[in-house]
Amino acid sequence: MKIAVASDHGGFALKEKVKEHLMQRGFEVEDLGTHSEDSVDYPAYGKACGEAVASGKADLGVVVCGTGIGISIAANKVKGIRCGLCTSVEMAHLAKQHNNANILALGGRTTEPDLALKIVDEWLDTEFEGGRHQRRVDMLDQM
Ligand code: RB5
C-alpha cells in the first residue's frame, strides 16, 4: 500500500509527522512536497496528490494545508478523487465508511498533531461499507 502525502507551508510540519507515522506503520510513502516552511501555493500540491491517487501511482493520499480547506478543494478538482477534510475521529470513520474517501485532508494550523494522527489511523483502519453508499460514490465519480 502506497500513500502519497502533500502539503503547503501551512501544513508542512504536520505533513512531516503524518509521513513519519505512516512509515512507522509500514506503509510506503511518496512525499510530493512541499519540503520547507517557505511559502508555496496549495493548489499545486493538492493537484499533485490528486493526480497521484487518480492515476494509481498511489493507493491513497493525505493532504495538509493551514486549514485543510484549500488543499482539499484542489484535490477534489481531479476526477476520481474523493477528498474529505476531517477534524475529528468520527469524521474520519465516516469519510471512509460512507464516502470511501481516497484522500484525507487535515489542517496543520487547526488540528493538534496527536488528534491528527488518530484521524489518520481511523481513516486507514475503517472499511468502506458499500451497499447504498456505493451508488452514491459512483455518482460522485461520474461528475
Ligand atoms: C496559507 O497561508 C493558507 O491560506 C493555506 O495553508 C490554507 O489554509 C488554505 O486553505
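Just above sits the structure.
Asks: An account of the pattern of salt bridges is needed here, citing residue identities and associated values.
Replies: Within the structure shown, the criterion is met by 10 salt bridges. The shortest N-O distance in the salt bridge between Arg25 and Asp121 comes to 2.8 Å. Placement of Arg25 in the loop between helix 1 (12-24) and strand 2 (28-31) and of Asp121 in helix 5 (residues 113-125) is noted, with a sequence separation of 96 residues between them. Here Arg25 falls in the partly exposed class, since its relative accessible area comes to 35%. Across the pair Glu51 and Lys47 runs a salt bridge whose closest N-O atoms are separated by 3.2 Å. In this pair, Glu51 and Lys47 both sit in helix 2 (residues 42-54), four residues apart, roughly one turn of the helix.

Asks: I'd like a rundown of the site of the ligand, residues and numbers included.
Replies: The ligand sits among Asp8, His9, Tyr42, Cys65, Gly66, Thr67, Gly70 and Arg109. The contact in question runs from an oxygen atom of the ligand to an N or O atom on the backbone of Gly66, over 2.7 Å. At 2.9 Å, a backbone N or O of Gly70 approaches an oxygen atom of the ligand. Protein contact buries 71% of the 290 Å² of open area that the ligand shows by itself. A per-class count over the shell around the ligand returns two nonpolar, four polar and two charged.

Cut-off values and rules
Residues numbered from 1 in each chain as written. Predicted model: local features only at pLDDT ≥ 70, side-chain atom pairs only at ≥ 80, totals over all residues. Heavy atoms only, no water. Salt bridge = Lys/Arg side-chain N within 4 Å of Asp/Glu carboxyl O. Helix = DSSP H or I, 4+ residues; strand = E, 2+ residues; numbered from the N terminus. Buried < 20%, exposed > 50% of the residue type's maximum accessible area, 1.4 Å probe, protein only. Near = heavy atom within 4 Å. Polar contact = N/O pair within 3.5 Å; in protein donor to acceptor, adjacent residues only side chain to side chain. Areas by Shrake-Rupley, 256 points an atom, 1.4 Å probe, with all protein chains shown as cover. Nonpolar A, V, L, I, M, F, W, Y, C, P; charged D, E, K, R; others polar.

Such coordinate-based values are descriptive only and should not be taken to indicate function.
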